[in-house]
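Residue-level structural notes
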Amino acid sequence: MNPFKEKPESMCDTIMDWKQMYHKPYDKNSVDPYTKARIILMNGIEVEAALWGHHAHRCCADNELRRELALLRRSEQQQQKAINWLSPADETQLETTIGYEHLAVDLTAWLATHEPNPYVKACMDFALLEDFDHLYRYANLLKMDFNVPAHVLVKEYVEITPGRPTIAHHRHPFDTVRSHCDFKNADIRTKLNTMIITAGEQQTMNFYMNIGNTYENDLGRRLYQEIGMVEEEHVTQYGALLDPNCSLLENALLHEYVECYLYYSFYMSETDKQIKRIWEQHLAQEITHLHRVKDLLQQYENRQWEEIMDGEFPELLEFKCMKGYVRDILATQVTLTADLEDFLPVGELADDHRFFEFQKHVNKRPRDVASHEVISEIQTLLGTDYRYEDYENPVAALQNRRTDNIKVARTYGSAT
């Protein structure tokens, strides 16, 4: 499908009334985990559209163009409200969090397997093992506080076992900045992937920033605080991949194209009939947005959309079980850390590398680190941690279920 060849509605028709904006929430006990993942991702995509639109608004001096952006943004905000309100009132924040981390794992893995740029793929693989570990830490908190096994919520689509331990994720900010892509010469897949993963991780960061302090006990509050800081690192990494040389309206066109691509992808794969109708409705609205931005690009920058992309969608995004891929990356990359724009095993860092100094500052006493403490507490309480594994963890150092390993990716020779 090429959305530039589809007939748009009028911009007026993209504005919804209250009845159109409010839909029946999903049933948390019967919803398919991938329907939930699609909802979480599209919420993040629409939040990105709104936030980027406000940034563009503040960087633009032309009020006529700002009015056009305001109209687009109002419609995007309505879409975000419609999607976010699909989450039911009886779903706890921790149950929702399991959905966020499940999305992070399977989305990152799928994008990585469809990424033609080796450097971008390496960035995704690197963060994948960290989101995978976050799922494990939150799942243990859920088991300990509510006796709810997280594998029931994700319907066993994803394993729950340690990844690169969260305590090792806290790196110096210098080592979270990556090399940006050149969108003029990049494959459309790379443009889509980098924008999708940036928006998805940004939504997770925003979610933890806003709800983490409302958790019912101190350990949970501290876990959200800690993992929320890792999400800051991930958003910095992925945001750095985006091309800073894109013009305002080129960026706007790319944002609308990403939304068209995802709504069409999810319309084609959605199993819930009500949600499928929402994706169809929003797709029609986004096609209209895309055509309006295409006209603005020509009007204000004298550029044609064909200069930026050919328009035809690549392979559609379809959530699927990525267990095998995650296991392979875990087995081969668990000891990696970052050194400026590059990745290397922690054992190859110089003794005086800023990673170790930053670790000393942030993780002064490992027993006080929430991601470690939640596992240590459940091991003391139950004698073992909570896991859902098809097979034993592929990293020998992470197989002990009675002791939480806090050395992997932090010290030399710790992943054997």
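Residues numbered from 1 in each chain as written. Predicted model: local features only at pLDDT ≥ 70, side-chain atom pairs only at ≥ 80, totals over all residues. Heavy atoms only, no water.

A few words now on the packing of aromatic side chains. Evaluation of the coordinates by the stated rule reveals 18 aromatic pairs. Their ring planes at 55° and their centres at 6.3 Å tell us that Phe266 and Trp279 sit as a pair that is tilted. Of this pair, Phe266 sits in helix α9 (residues 248-269) while Trp279 is found in helix α10 (residues 273-301), placing the two residues 13 residues apart along the sequence. For the pair Phe266 and Trp279, a shared accessibility class is recorded, and that class is buried. Here a set of aromatic residues connected by ring pairs shows up, and it is made of Phe4, Tyr257, Tyr261, Tyr264, Trp305 and Phe313. The ring of Tyr267 has Lys276 sitting right over it, with the charged end atom 4.3 Å from the ring centre. (Phe/Tyr/Trp six-rings, centres within 6.5 Å; stacked < 30°, edge-to-face > 60°. Helix = DSSP H or I, 4+ residues; strand = E, 2+ residues; numbered from the N terminus. Buried < 20%, exposed > 50% of the residue type's maximum accessible area, 1.4 Å probe, protein only. Lys NZ or Arg CZ within 6 Å of the ring centre and 35° of its normal.)

This part takes up the side chain of Asp243. Topologically, Asp243 is positioned in the loop between α8 (218-241) and α9. Buried charge Asp243 goes without a salt bridge, the closest partner of opposite sign being Lys184 at 7.4 Å. At 2.9 Å, the side chain of Asp243 forms a polar contact with the backbone nitrogen of Asn245. Sequence-distant contacts of Asp243, defined by excluding residues within four places in its chain, comprise His180, Cys181, Asp182, Phe183 and Lys184. (Lys, Arg positive; Asp, Glu negative; His and termini not counted. Salt bridge = Lys/Arg side-chain N within 4 Å of Asp/Glu carboxyl O. Polar contact = N/O pair within 3.5 Å; in protein donor to acceptor, adjacent residues only side chain to side chain. Contact = heavy atoms within 4.5 Å.)

Counting residues in each nonpolar core, the largest one holds 115 residues, and the members touching the most others are Ile196, Leu262 and Leu317. Ranked by residues supplied to this core, first place goes to helix α5 (residues 118-146) with 15 residues. Other than its neighbours up to four places away in sequence, Ile196 contacts Leu41, Ile45, Leu107, Leu111, Val258, Tyr261, Leu262 and Leu317. Among the nonpolar cores identified, the runner-up in size contains five residues, and Leu344, Val346, Leu349 and Phe355 belong to it. (Core = buried A, V, L, I, M, F, W, Y, C linked by side-chain atoms within 4.5 Å.)

What follows covers the pattern of salt bridges. The full count for this structure, using the stated rule, is 25 salt bridges. Residue Glu130 is joined to Arg171 by a salt bridge in which the shortest nitrogen-to-oxygen separation is 2.9 Å. Note that Glu130 is positioned in helix α5 and Arg171 in the loop between α6 (150-153) and α7 (188-211), a separation of 41 residues in sequence. When its relative accessible area of 4% is taken as the criterion, Arg171 is described as buried. The closest approach of N and O atoms between Glu301 and Arg303, which form a salt bridge, is 3.4 Å.

In this section: empty space enclosed by the protein. Under the criterion given, the structure shown has six cavities of 30 Å³ or more. Its boundaries defined by the atoms lining it, the largest cavity holds a volume of some 120 Å³. Lining of the largest cavity is provided by Ala49, Trp52, Gly53, Leu69, Leu72, Arg73, Glu76, Ala252, His255, Glu256 and Glu259. Here the residues of the lining of the largest cavity sort into five nonpolar, two polar and four charged. Taken as a whole, the second largest cavity holds about 60 Å³ of empty space. What lines the second largest cavity is simply Ile45, Glu48, Ala49, Met195, Ala199, His255, Val258 and Glu259. Listing elements by their share of the lining of the second largest cavity, those giving two or more residues are α2 (33-58), α7 and α9. Grouping the amino acids of the lining of the second largest cavity by side-chain chemistry returns five nonpolar, one polar and two charged. (1 Å grid on protein atoms, 1.4 Å probe; cavity = no way out; pocket = protein on both sides within 12 Å on 5 of 7 lines; lining within 4 Å. Points joined across faces, edges and corners; volume = space filled by probe spheres on them. Nonpolar A, V, L, I, M, F, W, Y, C, P; charged D, E, K, R; others polar.)

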